Amino acid sequence: MQANELRKLCAKEAMNYIQNNYIIGLGAGRNIECLIEYVSEEIKNGLKLKVVTPSYNTKRLCVEKEIEVLETYFVDEIDVAFDGCGEVDQNFYASKSGGGVHTKEKLIAAMAKDYILLIDEEKFTDTLSCKYPVSLEVIKDSLSYVIKSVEKIGGVPTVRRSNIKDGYTITDDGNFLIDVQFHSVKDFKALNDYLNSIDGVIGTGLFTKEVTKIIIATENGVRIVSKV
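Criteria and cut-off values
Residues numbered from 1 in each chain as written. Predicted model: local features only at pLDDT ≥ 70, side-chain atom pairs only at ≥ 80, totals over all residues. Heavy atoms only, no water. Domains from an automatic or database assignment. Contact = heavy atoms within 4.5 Å. Buried area = accessible area lost by both parts, 1.4 Å probe. Salt bridge = Lys/Arg side-chain N within 4 Å of Asp/Glu carboxyl O. Polar contact = N/O pair within 3.5 Å; in protein donor to acceptor, adjacent residues only side chain to side chain. Nonpolar A, V, L, I, M, F, W, Y, C, P; charged D, E, K, R; others polar. Disulfide = S-S within 2.5 Å. Buried < 20%, exposed > 50% of the residue type's maximum accessible area, 1.4 Å probe, protein only. Helix = DSSP H or I, 4+ residues; strand = E, 2+ residues; numbered from the N terminus. Arc of directions from axis to C-beta. 1 Å grid on protein atoms, 1.4 Å probe; cavity = no way out; pocket = protein on both sides within 12 Å on 5 of 7 lines; lining within 4 Å. Points joined across faces, edges and corners; volume = space filled by probe spheres on them. Expected span 1.5 Å × (residues − 1).

So, on to the domain arrangement of the protein chain. Size of an interface: often given as the accessible area lost when the parts come together. You can read the domains of the protein chain as domain 1 (3-123 + 208-222) and domain 2 (134-204). Domain 1 and domain 2 are separated by 25 Å when their C-alpha centres are compared. On the domain 2 side, the residues contacting the 11 residues of domain 1 number 14 residues. Between domain 1 and domain 2 the total buried area reaches about 950 Å² when both faces are included, carbon and sulfur atoms providing 45% of it. For domain 1, the biggest contributors to the area lost against domain 2 are H102, T103 and T208; these three give 44% of the whole. Linking domain 1 with domain 2 are one salt bridge, by the criterion used here. Linking K104 and D173 is a salt bridge whose minimum nitrogen-to-oxygen distance equals 3.8 Å. Inspection of the region where domain 1 meets domain 2 yields five residue pairs in polar contact (both at pLDDT 80 or more). Looking at the side of domain 1 that touches domain 2 residue by residue, the classes come out as one nonpolar, seven polar and three charged.

This is the structure in structure tokens:
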């Protein structure tokens, strides 16, 4: 089954968790783009909902599809939120943030009654690996201090740069991004707790408590894994 067909399976299943007059959170990525297509069609059929998103591309696509988007600072609770990830394991620990918006993604996850990941089968593992670096959003003045702090525990940090802009990548809130590669991690929750304890770190790309459900698209159909 082709990748696009798998995305459609995930998105179609996700629609079962959306009800009329919901406020929904949407992350970024191709699975979310596919979900937006389904949402747009249902809105034409009378579905009413509003969207909150940390992603500029997702917001743009929603506006193009005439889906109402709320600014996050107007919202204190979200009925259900959907997102993708690089990898997620059976502990519901997820590794995210190639897009660099993990701090806002985590805020939306915290506000959501249900935080559901839409993934292809190969992204679901027994335990998280070190295939992807852990992304940190940090305030500018803390850059050198944070780098020293992660090096103490064996991390190899790289300050993110853009190919289309000279200098470091700057987030929407004016912060830096550091991608930290680890060769071996025994306990991702403990690692996440440590990284969050470093002064100057605003957020990490490790999600160790937010995920409630995972919708997995496989060659044999959709599988749903739920924390509760």
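Per the stated rule, a full pass over the model turns up zero disulfides. There is no disulfide at C34, and the cysteine sulfur nearest it, in C10, is 8.7 Å away. Looking at the unpaired C85, the closest cysteine sulfur is the one in C10, lying at 10 Å.

We now examine helix α5 (residues 143-151). All buried positions along α5 are accounted for by L143, V146, S149 and V150. On an axial view of α5, the arc spanned by its buried residues comes to 130°, and they lie on one face. Among the exposed residues of α5, those oriented more than 90 degrees off its buried face are S144 and K148.

All right, on to empty space enclosed by the protein then. As enumerated under the stated definition, the model contains two cavities of 30 Å³ or more in all. As a volume, the largest cavity reaches approximately 60 Å³. The computed volume of the second largest cavity comes to approximately 40 Å³. What lines the second largest cavity is simply G25, L26, G27, P54, A81, F82, D83, E105, I108 and Y115. Broken down by secondary-structure element, the contributors of at least two residues to the lining of the second largest cavity are β1 (22-26), β4 (80-83) and α4 (102-111). With three residues, the single largest contributor to the lining of the second largest cavity is β4.

The first and last C-alpha atoms of helix α1 (residues 3-14) sit 17 Å apart over 12 residues, in line with the 16 Å expected at 1.5 Å per residue. When α1 is considered as a whole, its buried residues turn out to be L6, R7, C10, A11, E13 and A14. Projected down its long axis, α1 shows its buried positions confined to an angular sector of 165°, all on one face. Contact partners of the buried residues in α1: α2 (30-44), β4, β7 (115-120), β16 (213-218) and β17 (221-226).

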